[in-house]
Amino acid sequence: MARRRIIAGNWKMNKTPSEAVALCEELKDLVKNDDVDVVYCVPAIDIVPVVNAVKGTNVHVGAENFYIVDSGAFTGEISAPMLKDAGVEYIIIGHSERRDIFGENDILINQKVKKAFASGLTPILCCGESLALRKADTYKEWIERQITWDLDGVTADQVKKLVIAYEPIWAIGTGETATADQAEEVCKLIRELIAKLYDQATADEVRIQYGGSMNAGNAAELLSKPNIDGGLIGGASLKADFGKIVNA
Ligand code: 3PY
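Residues numbered from 1 in each chain as written. Predicted model: local features only at pLDDT ≥ 70, side-chain atom pairs only at ≥ 80, totals over all residues. Heavy atoms only, no water.

**Concerning the side chain of Asp-46**
Structurally, Asp-46 can be placed in the loop between β2 (36–42) and α2 (47–53). No salt bridge is formed by the buried Asp-46. Its closest oppositely charged neighbour is Lys-15, at 8.9 Å. Apart from residues lying up to four places away in sequence, Asp-46 is in contact with Trp-11, Asn-14, Lys-15, Thr-16, Pro-17 and Ala-20. (Helix = DSSP H or I, 4+ residues; strand = E, 2+ residues; numbered from the N terminus. Buried < 20%, exposed > 50% of the residue type's maximum accessible area, 1.4 Å probe, protein only. Lys, Arg positive; Asp, Glu negative; His and termini not counted. Salt bridge = Lys/Arg side-chain N within 4 Å of Asp/Glu carboxyl O. Contact = heavy atoms within 4.5 Å.)

**With respect to the UniProt feature "active site" (unreviewed entry) in the protein**
Here the UniProt-annotated "active site" (unreviewed entry) positions come out as His-95 and Glu-167. Look at the named residues: they lie 73 residues apart in sequence, but the longest C-alpha span between them is just 8.2 Å, so in the fold they bunch up. Examined against the element boundaries, His-95 turns out to sit in the loop between β4 (90–93) and α4 (96–101). Mapped onto the elements, Glu-167 comes out in the loop between β6 (163–166) and α9 (180–197). (UniProt positions renumbered as here; feature names shortened; annotations may be inferred.)

**Digging into unusual backbone geometry**
One non-glycine residue with positive phi stands out, namely Lys-15, at about 85°. Turning to its location among the elements, Lys-15 is positioned in the loop between β1 (5–10) and α1 (17–27). Phi at Ser-213 is positive, roughly 55°, even though this residue is not glycine.

**What to know about the UniProt feature "binding site: substrate" (unreviewed entry) in the protein**
Sequence positions flagged by UniProt for "binding site: substrate" (unreviewed entry) are, in local numbering, Asn-10, Trp-11, Lys-12, Gly-173, Ser-213, Gly-234 and Gly-235. In three dimensions, the annotated residues from a span of 226 residues occupy one location, with a maximal C-alpha spread of 13.3 Å. With respect to the helices and strands, Ser-213 occurs in the loop between β7 (207–211) and α11 (219–223). Owing to a relative accessible area of 22%, Ser-213 belongs among the partly exposed residues under this scheme. Setting aside anything within four residues of it in sequence, one finds Ser-213 in contact with Ala-171, Gly-173, Thr-174, Gly-175, Glu-176, Thr-177 and Asn-218. Residue classification places Gly-235 among the exposed residues on the basis of a relative accessible area of 54%.

**Considering the environment of Phe-117**
Along the chain, Phe-117 turns up in helix α5 (residues 106–118). In sequence terms Phe-117 and Gly-72 are 45 residues apart; their C-alpha atoms lie 20 Å from each other. Those residues within four positions of Phe-117 in sequence are excluded, and the remaining contacts are Pro-123, Val-154, Gln-158, Lys-161 and Leu-162.

Laid out in structure tokens, this is it:
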């Protein structure tokens with residue numbers, strides 16, 4: 001079964017609401033491509049203006065974070081029903097910046113994946129190893145452990161809708177990119193793990209992205225690999241280059 005490609009921008013903590021609307025306008029014609037799912041994952045304050053700015057286009061909107069209960073005394077947090085009501089479809093979960101800077105562990109990440117599905121949001125579940133683990137050659141075990149924990153109790157039907165982003169931490173914000181072969185090796189490993197944890201039909205449907213300094217120059221080679229179904233794009237999603245990646 002042919003998997004539909006998905007190119008998602010992770011805007012991180014960039015763009016004020018007015019800058020966000022201007023970026024949507026700048027990218028509007030550049031990201032037109034009916035063969036690809038195009039997603040802007042934006043800061044919470046930009047969600048409503050971005051949803052309005054992309055109305056009637058091929059762009060879907062994602063969020064970068066949420067908390068696992070629907071409402072209550074959780075100062076500063078935002079819930080899945082709030083995101084859903086605002087027009088959000090995708091949610092990034094388990095990005096290494098949330099794991100490392102904000103201390104999110106696999107227990108919380110697993111709860112978030114289940115809550116996202118229960119709320120009708122599609123998780124973009126991130127995994128990836130540090131430079132130390134890559135150098136120690138233990139990165140495969142690490143990634144298998146992350147995915148196994150993060151998907152505990154998640155059903156095969158849900159995993160078929162899931163997006164997994166392989167993002168080696170050593171390639172995030174460093175300008176370093178995994179080679180296409182390094183990225184393919186891990187994306188293939190993830191698909192094989194899904195086949196082991198679930199079944200081959202589920203593994204054939206789950207979409208796996210590469211993330212970590214993907215840009216207009218390296219996207220075509222990365223996306224030519226059989227197990228790489230798209231990209232989660234950091235810095236390059238904030239400029240016209242994003243259009244080149246969507247069409248790579
Ligand atoms: C990057 O490319 O820097 C990312 O972290 C994408 O999520």
